[in-house]
Amino acid sequence: MKTVECISCKQEIPLTGTFVEFKCPICGAKIARCEKCRTFGHAYKCECGFEGP
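If you're wondering where the values come from, they're calculated on a predicted model, not measured in any experiment. (Residues numbered from 1 in each chain as written. Predicted model: local features only at pLDDT ≥ 70, side-chain atom pairs only at ≥ 80, totals over all residues. Heavy atoms only, no water.)

**Quick look at the overall build of the protein chain**
Helix and strand counts for the protein chain come out as one helix and six strands. Going residue by residue from the N terminus, the α and β elements of the protein chain occur as β-β-β-β-α-β-β. The globule rule puts the C-alpha radius of gyration for 53 residues at 10 Å, and the 11 Å found for the protein chain is close to it. Expressed as lengths along the three principal axes of its C-alpha atoms, the size of the protein chain is roughly 30 × 20 × 15 Å. Split into buried and exposed, the 53 residues of the protein chain put 26% on the buried side. Put simply, of all contacts in the protein chain between residues at least 6 apart along the chain, 27% involve residues at least 24 apart. Separation of charge centres in the protein chain, based on 8 positive and 6 negative side chains, amounts to 3 Å. (Helix = DSSP H or I, 4+ residues; strand = E, 2+ residues; numbered from the N terminus. Rg over C-alpha atoms; globule rule 2.2 N^0.38 Å. Buried < 20%, exposed > 50% of the residue type's maximum accessible area, 1.4 Å probe, protein only. Contact = heavy atoms within 4.5 Å. Lys, Arg positive; Asp, Glu negative; His and termini not counted. Charge placed at Lys NZ, Arg CZ, Asp CG, Glu CD.)

**Describing the UniProt feature "domain: Small zinc finger protein HVO-2753-like zinc-binding pocket" (unreviewed entry) in the protein chain**
UniProt annotation of "domain: Small zinc finger protein HVO-2753-like zinc-binding pocket" (unreviewed entry) refers to residues 6-49 when read in the numbering used here. With 14% helix and 34% strand, the stretch residues 6-49 has end C-alpha atoms that lie 16 Å from each other. (UniProt positions renumbered as here; feature names shortened; annotations may be inferred.)

What follows is the structure, encoded as structure tokens:
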């Protein structure tokens, strides 16, 4: 089964699971966040240094 990793909590999320994926506004890298981390507003940091809520 294919998965993505949440950038905040590092948990593997199945592609059939609830998550969002978007590009970093600075470098364009793909960022995936699980529903739990999005709901609670857990911080994340892209490999380029960009940080978000």
